[in-house]
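# A structural walkthrough
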Amino acid sequence: MFWRKPVLILLFLTVLAPIVLYTDRLGSFFDPRSKNGFLDESSTINFGGEFGTLNALPQESLNTFKEPIGVVYLDSSGNSDGLDSEISTSNVGDVEKREFKEELSLGRSAEHKSRVLSMTAADGNKWEKENVIEQATNGKKEEKVSDGLQEQELDAKRKSDEIKEKERQQELPVRRQERKHQQHLLQTSVKVGSGEHMKTKLERQSDKTYVSDARVRHLKDQLIRAKVYLGMGPIRSNSQFVRELRLRMKEIQRALGDATKDLDLPKNADEKRKAMELTLARAKQIQDDCAAVIKKLRAMLHSAEEQLRVHKKQTLFLTQLAAKTLPKGLHCLPLRLSTEYYSLLSNQQQFPNQEKLEDPELYHYALFSDNILATAVVVNSTVFHAKDPTKHVFHIVTDRLNYAAMRMWFLANPPGKDYYFKTHRTNSDPNMKFRNPKYLSILNHLRFYLPEIFPKLDKVVFLDDDVVVQKDLTGLWMLNLKGKVNGAVETCGESFHRFDRYLNFSNPHISKNFNPRACGWAYGMNVFDLAEWRKQKITDVYHSWQKLNQDRQLWKLGTLPPGLITFWNRTLPLHRSWHVLGLGYDPNVRQKEIERAAVIHYNGNMKPWLEIGMPKYRNYWAKFVNYDQVYLRDCNINP
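Since this is a predicted model, take the numbers as computed values, not measurements. (Residues numbered from 1 in each chain as written. Predicted model: local features only at pLDDT ≥ 70, side-chain atom pairs only at ≥ 80, totals over all residues. Heavy atoms only, no water.)

## A word on the pairing of strand β6 (residues 392-398)
Among the 7 residues that make up β6, 7 are buried, leaving the element largely enclosed by the rest of the structure. Side chains H392, F394, I396 and T398 of β6 all project onto a buried face; the interleaved residues V393, H395 and V397 project onto the opposite face, where all are buried too. Taken together, the 6 bridges between strand β5 (residues 363-368) and β6 define a ladder with parallel strand orientation. In the strand pairing of β6, F368 is matched with V397. Once you follow β5 into helix α12 (residues 372-385) and on to β6, the crossover reads as right-handed. (Buried < 20%, exposed > 50% of the residue type's maximum accessible area, 1.4 Å probe, protein only. Helix = DSSP H or I, 4+ residues; strand = E, 2+ residues; numbered from the N terminus. Pairing = 2+ DSSP bridges. Right-handed = clockwise from strand over helix to strand, strands pointing away.)

Set out below in structure tokens:
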């Protein structure tokens, strides 16, 4: 009995005391309010080398556990500024993270300083899961804790947690509704914000485009103002200020240079502008007479308009000169061809199929030209688009100088073995006394003598040498001209194509016989009924009007005015798709009109074979020129 008490004391010290101590530490480990505890890891605590799993919820295996995204949110109590600022620049998913964080703070201690969260669309019930885990952990913990003061404290804490959980469960539906509302508002604001951002961006781009040359224009305005002040009497009398003003003008001119945009200006341009502005302010103080400044500005405006008029006149003259000047290549070509032609034998100088030249069953074309290359393009483009080229005959009328060269070109470059050519050489005619030989070519007026040139033909299609054929023209011979002599496309789309722009209606011979608002029509692609021409004696009509215009009081030079008069009430309008004009002067001919046209016409000064021709239209013409041809290479004629 004496040793019984000491043994029990030793037994208590060696067995029961460690159990109590161990249970106290274990309880503090599972305490959700422990400062360094992590609730999420409580389901996999290792006891004695084995994992003690909780059965309240199915657990994820270690192999399938997903790593958090890594977005860190500070869980500082009473401070939501960080979350609010994050939401202002985040997407809708960030709203869910913030709401989850607020819900988490209801059941967790405010002592947790940071937390790593991984949110997905399937994590909506994560809080409920963690709550059950917490309850299960507390239950397992209470089984291990001994009685005494510690058990009472844990019980009090558990009751406090239950009260908070009930309050959180009551608030949770309200917070979910608020979260949905905030998500809707955020989605709407994102869409609206995106639209406003795009609109603002476009406005900024538009404003940037608008002001991109604002400084350049300001500098130019300063120069104009400086020139105005230099012409004023009070300022001219101040020699020192005049020197200063001229110095500022030179500085501005150097800064401007060839700049057309603000980006082209040098860095010191703003300094020069400010200095000039100060000088102009002083000039305004010296010259305060507004009426004198206005008068000077009007004089400068009048002078500028006069200079512009002179420059336009010079430009027109130079353009016409360039159009009439023969390029070196086109001057070389007929010389080269003529030399080659006269080296041929007489039998080699003849075209084949001579018997077909006056066959009325074939389709006959008439071309009047001294331009070999242009004529070749007309023939090549017509043959290329003809459905049956064997039925097409080309009659080329040229002058004595180019007769041999024209024959040699088509002898050396026939479009095919079945095409027929006839080359006419023109001579002076007594009836041509009415033309002005100084300005007009005989070839232009020969179109009024078609029945005499082709006595055995009843219908011909007349083509200018500055046209390109884009479709089969066989249908022109099928047209019923209804007793008219000329079939042509009218050109009354613009006011300057009316009769009053070509004829002098102050003359009684004109005003009594014609309507000033009548539509003009186009030479260049015309169908002429030669039988009807002879019947109505059209050539005699032409002669009678030429006699009346001997002093050129009825119309000025040209062949279109006498053509309008001669074929007055004798012209059948054709559809516009047959003939499109303007490629020699109008840069705004619509692409659709060009593509659908049977014939396109380079009327005007900007011919496609000249350097002044418009590049946008040149390819329609150039694709029918073989620049590899030996004569073109020898004369250095290139695309």
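Moving on, there is more to tell.
## Details of α12
End to end, α12 covers 20 Å across 14 residues, agreeing with the expected 20 Å (1.5 Å per residue, within 8%). Taken together, the buried positions of α12 are I372, L373, A374, T375, A376, V377, V378, V379, S381, T382 and V383. Its side-chain oxygen at 3.2 Å from the backbone nitrogen of L373, N371 defines the N-terminal cap of α12. (Expected span 1.5 Å × (residues − 1). Polar contact = N/O pair within 3.5 Å; in protein donor to acceptor, adjacent residues only side chain to side chain.)

## Points about the state of the cysteines
Scanning all chains against the criterion turns up 2 disulfides. Between C332 and C635 runs a disulfide, and the two sulfur atoms are separated by 2.2 Å. Its torsion about the S-S bond being -70°, the disulfide of C332 and C635 is classed as left-handed. With C332 in helix α11 (residues 328-341) and C635 in the segment after α22 (630-634), the pair connects residues that are 303 residues apart, well separated along the chain. For C332, a relative accessible area of 26% corresponds to the partly exposed category. Between the sulfur atoms of C492 and its disulfide partner C519 the distance amounts to 2.4 Å. On the S-S bond that ties C492 to C519, the torsion sits near 75°, and the link is right-handed. (Disulfide = S-S within 2.5 Å.)

## Section: the packing of helix α6 (residues 214-230) against helix α9 (residues 269-286)
At a closest axis distance of 10 Å, the pairing of α6 and α9 adopts a crossing angle of 30°. Viewed along their axes, α6 and α9 adopt a mutual orientation that is roughly parallel. Both α6 and α9 take part in a crossing whose hand is left-handed. Contact with α6, carried on its side by R215, H218, L219, Q222, R225, A226 and Y229, involves D270, R273, M276, E277, L280, A283 and K284 of α9 and no other residues of that element. Class assignment of the residues belonging to the contact of α6 with α9 gives a composition of 6 nonpolar, 2 polar and 6 charged. (Axes fitted to C-alpha atoms, helices over the stretch in contact; angles between N-to-C directions. Parallel < 35°, antiparallel > 145°, perpendicular 65-115°, else oblique. Left-handed = near helix turned anticlockwise from the far one by under 90°. Contact = heavy atoms within 4.5 Å. Nonpolar A, V, L, I, M, F, W, Y, C, P; charged D, E, K, R; others polar.)

## Things to note about helix α8 (residues 239-256)
Compared with the 26 Å implied by 1.5 Å per residue over 18 residues, the 26 Å span of α8 between its first and last C-alpha is a close match. Looking at α8, one finds that the buried residues are F241, V242, L245, M249, E251, I252, A255 and L256. For α8, the secondary structure elements touched by its buried residues are α6, α7 (233-236) and α9.

## What to know about the packing of aromatic side chains
Following the criterion strictly, the structure yields 21 aromatic pairs and no others. For the pair F384 and F624, a centre-to-centre distance of 5.9 Å together with 70° between the ring planes defines the contact as edge-to-face. With a gap of 240 residues between them, F384 in helix α12 and F624 in the loop between α21 (615-622) and α22 connect regions that are remote in the sequence. Residue classification places F624 among the buried positions, given a relative accessible area of 11%. Both rings, one in F514 and one in W568, keep their centres 5.4 Å apart while their planes meet at 85°; by these two values the pair is edge-to-face. Taken together, the residues span a long stretch of sequence, with F514 in the loop between α16 (508-511) and β11 (525-529) and W568 in the loop between α19 (560-566) and β12 (571-574) at a distance of 54 residues. Accessibility expressed as a relative area gives 23% for W568, which makes it partly exposed. Among the aromatic residues, those joined into a cluster by ring pairs are F368, F448, Y449, F462, W521, Y523, F528, W533, Y542 and F567. Sitting over the face of the ring of Y523, R447 holds its NZ or CZ atom 4.5 Å from the ring centroid. (Phe/Tyr/Trp six-rings, centres within 6.5 Å; stacked < 30°, edge-to-face > 60°. Lys NZ or Arg CZ within 6 Å of the ring centre and 35° of its normal.)

## What about the sheet that holds strand β9 (residues 467-469)?
Note: strands within a sheet are paired through backbone hydrogen bonds, in either parallel or antiparallel orientation. Read across the open sheet, the 3 strands follow the order β9-β14-β13; overall the sheet is mixed. Strands at the two margins of the open sheet, each flanked by one partner only, are β9 and β13 (579-580). By the bridge criterion, 3 bridges tie β9 to strand β14 (residues 599-601) in an arrangement that is antiparallel. Its bridge partner lying in β14, V468 is registered against I600.

## With respect to a nonpolar patch on the surface
Together, I9, L10, F12 and L13 give the surface a local cluster of nonpolar side chains, amounting to about 420 Å² of exposed area. Residue placement: I9 occurs in helix α1 (residues 4-30). (Patch = residues over 30% accessible without salt bridge, like charges linked within 9 Å, V, L, I, M, F, W, Y side chains within 5 Å. Areas by Shrake-Rupley, 256 points an atom, 1.4 Å probe, with all protein chains shown as cover. Salt bridge = Lys/Arg side-chain N within 4 Å of Asp/Glu carboxyl O.)

## Let's talk about the packing of α6 against α8
Contact pair α6 / α8: the axes reach a minimum separation of 10 Å and the direction vectors enclose 155°. As the angle between them shows, α6 and α8 are arranged roughly antiparallel. Of the two possible hands of crossing, α6 and α8 adopt the one that is left-handed. Listed contacts from α8 to V216, L219, K220, Q222, L223, A226, K227, Y229 and L230 of α6 are V242, L245, R246, M249, I252, Q253 and L256. Looking at the contact of α6 with α8, its residues break down into 11 nonpolar, 2 polar and 3 charged.

## Overview of the environment of L280
Along the chain, L280 falls in helix α9. Along the sequence, L280 and Q222 sit 58 residues apart, while their C-alpha atoms lie 8.1 Å from each other. Contacts of L280, omitting those with residues within four sequence positions, involve Q222, R225, A226, Y229 and L245.

## So, the side chain of E593
Relative to the helices and strands, E593 is located in helix α20 (residues 591-596). A distance of 2.9 Å separates polar atoms of two side chains, one belonging to E593 and the other to R590. Apart from residues lying up to four places away in sequence, E593 is in contact with R576 and V580.

## Quick notes on the confidence of the model for the protein chain
Where the model shows low pLDDT, its predicted coordinates should not be examined in detail. The predicted model of the protein chain averages 75 in pLDDT, with 64% of residues at 70 or higher. Low pLDDT (under 50) marks residues 189-199, which in the prediction has 0 contacts with non-local residues, meaning those over four places away or in another chain. The model gives residues 205-209 a pLDDT under 50, and that stretch makes 0 contacts with residues more than four places away or in other chains. (pLDDT = per-residue confidence, 0-100.)

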